[in-house]
Amino acid sequence: MDFVGAYSGANLSFLFESLLETLKMAGLAIILSLIFGIILGVLRFARIPVITQIVAIIVDILRNLPLVLIIMVSYFGLRDFGIQLDVFSAAILALTIFEAAMISEIVRSGLNSISKGQMEAARSSGLSYTQALRHIILPQGLRRMVPPTVSQCIALLKDTSLTIAIGATELMYAARVVYASQTSYMVPTLILVALIYFVINYSLSILSRRLEAKQI
Amino acid sequence: MDFARVWAYSDMIIEGLQVTMLASVIALLASLFFGTLVAVMRISPFKSLNWLGSAYVEFFRNIPLLLIILSVFFIFTPKGWIAGTIGLTIYTTAFIAEAIRAGIQSIPKGQMEAARSTGLTYGQAMILIILPQAIKVVIPPLGNQFLNLVKNSSLLAMVAGGDLMYQADLISSITFKTMDTYVFIAGFYLILTIPLSFLVKYLEKRFALSG
Amino acid sequence: MKVSTFLKRAILPVTAAFMLAGCGSSDSASGSKENVLEKIEEEKVITWGVKNDTRLFGLMNTETNEVEGFDIDLARALTKEMFGEDTEVKLKEVTSKTRIQLLNGSDIDAIIATMTITDERKKEVDFSDVYFDAGQSLLVKKGSDITGVDSLGGKTVLAVKGSTSAINIREKAPEAEVLEFENYAEAFTALKQGNGDALTTDDSILYGMADEDPSFELVGGQFTEEPYGIAIKKGNEDFVEKVNEALKALKDSGEYDEIKDKWIKAN
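Only a predicted model underlies this, so the values are computations on that prediction, with no experimental measurement involved.

Analysis parameters
Residues numbered from 1 in each chain as written. Chains lettered and ligands numbered in written order. Predicted model: local features only at pLDDT ≥ 70, side-chain atom pairs only at ≥ 80, totals over all residues. Heavy atoms only, no water. Helix = DSSP H or I, 4+ residues; strand = E, 2+ residues; numbered from the N terminus. Contact = heavy atoms within 4.5 Å. Areas by Shrake-Rupley, 256 points an atom, 1.4 Å probe, with all protein chains shown as cover. UniProt positions renumbered as here; feature names shortened; annotations may be inferred. 1 Å grid on protein atoms, 1.4 Å probe; cavity = no way out; pocket = protein on both sides within 12 Å on 5 of 7 lines; lining within 4 Å. Points joined across faces, edges and corners; volume = space filled by probe spheres on them. Nonpolar A, V, L, I, M, F, W, Y, C, P; charged D, E, K, R; others polar. Patch = residues over 30% accessible without salt bridge, like charges linked within 9 Å, V, L, I, M, F, W, Y side chains within 5 Å. Salt bridge = Lys/Arg side-chain N within 4 Å of Asp/Glu carboxyl O. Lys, Arg positive; Asp, Glu negative; His and termini not counted. Charge placed at Lys NZ, Arg CZ, Asp CG, Glu CD. Polar contact = N/O pair within 3.5 Å; in protein donor to acceptor, adjacent residues only side chain to side chain.

## So, the overall build of chain B
Piece 1. Regarding its fold elements, chain B presents nine helices and zero strands.
Piece 2. Ordered by position from N to C terminus, the α and β elements of chain B give α-α-α-α-α-α-α-α-α.
Piece 3. For the C-alpha atoms alone, the extent of chain B along its principal axes is close to 70 × 40 × 25 Å.
Piece 4. Long-range pairs, those at least 24 residues apart, make up 72% of the contacts in chain B with a sequence separation of at least 6.
Piece 5. As displayed, chain B has an accessible area near 9100 Å², and 70% of this comes from carbon and sulfur atoms.

And the structure:
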């Protein structure tokens, strides 16, 4: 184990540059998964014939697959259908598909947790189904969804490390490049990278707890 | 899709399936044990144990599983599947500890006080009175953790763990049928995970009704 | 009816945004049908797929943020020979596991990444003439009782996913247990830490490892021939021919030997 060599200025700056790439990837994927997750979740909650069932099946399949596998398929597999994504887009696509499925479950159960009486009351006061959903159910549901959604975002940030399987140039990949130059750098690099992920994710989880505390 | 080409390597797939199932079950049992331990530490009246438990949970929940598995493998150098199973256990313990802590804390404080006043020690009261009740609340999230374990076991592939994903990597590099291989292997993961997810839903409903 | 208006409002803009994003990204990867040679000459850019984790052939230097090695220098020399000074060289990282898929489905024009010419691979890609004669060998801890491929019975041999050596070793030493890792750095660390008794791949790569840690040595000589070729997308015979001509010119002028001597000393 060579800590001094592994933590050279060049290696550190190389790792931190790729951290920006990780954050960019995670940020984009989080935004997209939130959008699609909410849509899919609402579709499942709304009980629209056929559509809800189809969405349920797709979401259940995606949620039950290992993310690495989804990453491999979205990068290599789509080729067979003439869709060629570069590594970064394929990574974003795979993360979005998987995390949106997870978030849709959070949204669905969040909405389900609002009592049926609320919807009935809203409807009887003259609101349409859509209006009731938008003004009464969604705002309450969203509040309950915040903590699990933040956990999911942390999971997503951690999951970006799996895109190394297709060689996306994020933090984990940079770690591998550093220890490829000298295998005695391996353990020091793994430790440093673990600390970087920890600092970011732990800050996020503290932030989420603060938010929760404020709401109550 | 040419699944016949992939199924020609059926013995590898079946071996991978066994490793995936074995690693998941061992990691589940081990993380249940350690998770309960850490959860009890977190709510124990001793400050230092408290802190230790929290530190464990916060640290391992917030770093990627891949890093844990690689570190276990390259620091302690066991066989790949053992490193993978230990890594899975370290990671899942943190999540299970959280679930169990929440379960224990959902039991009213009066229960512990009542148990203590009948002459039980803290440890006895925890094991005999509190934990059995907490299990009801904890079972649905535990089911989810097991589901995650099965999916996460795919990271064994990164340390030559011999699991399903590892076999998929090998088969796709032999056949060059990347899409066919991964889609076919996806089917095997679904065979394992879909029944589990129905079980989780069933448990959620059942315990929600009784609770 | 009312639900559907709500959905329309919510979904349409998002779907549109995503589709636009999707189009944007797929633009950057070019189609596989077009002629690679024409594309390079027109855009004045050539993208080589190279390794970045393989000592001596293609290794990322974090000081300079550039990949360095025999494959890289040869790629640059070939580019200059084929297209002159003003064609830009772009390098993209590939791994043994991903390189064929990458060549066939991304903007990589040619792969020069310690890649052995095999009949199986010829079904997927075209190859140039041989640019380097490697052979598979074994790397062991000095003092090991392994003397060659015949003494591997009951031993654990480490290899890298997607490499020919992983497939070869199963044939040559069926009694050995083979473990495949993601890349050479991880396989070599596993060997150092005792997860296996030997590491097998091309001797040219093994020399790089023995160079990094002298307590390891090569044993048993070359037990396969691993002629390295430059891989090119199928259907580009004109490009293959141009590469071959350039390769021959570099060999004739002595530039090839210069590059080889710079990186490969042990051979």
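Now that the structure is up, let's keep going.
## What to know about the UniProt feature "domain: ABC transmembrane type-1" (unreviewed entry) in chain B
Piece 1. The positions UniProt marks with the feature "domain: ABC transmembrane type-1" (unreviewed entry) are residues 17–200 of chain B.
Piece 2. End C-alpha atoms of residues 17–200 of chain B are separated by 21 Å, and the span's content is 84% helix alongside 0% strand.

## Let's talk about the layout of surface pockets
Piece 1. Estimated volume of the second largest pocket: approximately 960 Å³.
Piece 2. V87 and T169 of chain A together with L91, K92 and E93 of chain C are, among the 48 residues lining the second largest pocket, the residues nearest its centre.
Piece 3. Counting only elements with at least two residues in the lining of the second largest pocket, the list comes to helix 2 (9–46), helix 5 (87–112) and helix 8 (171–181) of chain A together with helix 2 (36–43), strand 1 (45–50), strand 4 (66–68) and strand 5 (88–93) of chain C.
Piece 4. Within the lining of the second largest pocket, the residues separate by chemical class into 21 nonpolar, eleven polar and 16 charged.

## What to know about a negative patch on the surface
Residue and element names in this part refer to chain C.
Piece 1. On the surface, E34, E38, E42, E43, E237, D238, E241 and E245 cluster together into a negatively charged patch.
Piece 2. Within the residue set of the negative patch, elements represented by two or more residues are helix 2 and helix 9 (237–253).
Piece 3. The element that contributes the greatest number of residues to the negative patch is helix 9, accounting for four residues.
Piece 4. Residue position: E43 is located in helix 2.

## A few points about the interface of chain B and chain C
Piece 1. With 18 residues of chain B at the interface, the matching set in chain C holds 21 residues.
Piece 2. A salt bridge links K161 of chain C to D169 of chain B, with the nearest nitrogen and oxygen atoms 2.9 Å apart.
Piece 3. Put simply, chain B and chain C have six residue pairs in polar contact (both at pLDDT 80 or more) between them.
Piece 4. Residue contributions to the side of chain B that touches chain C peak at five residues, all from helix 8 (residues 164–175) of chain B.

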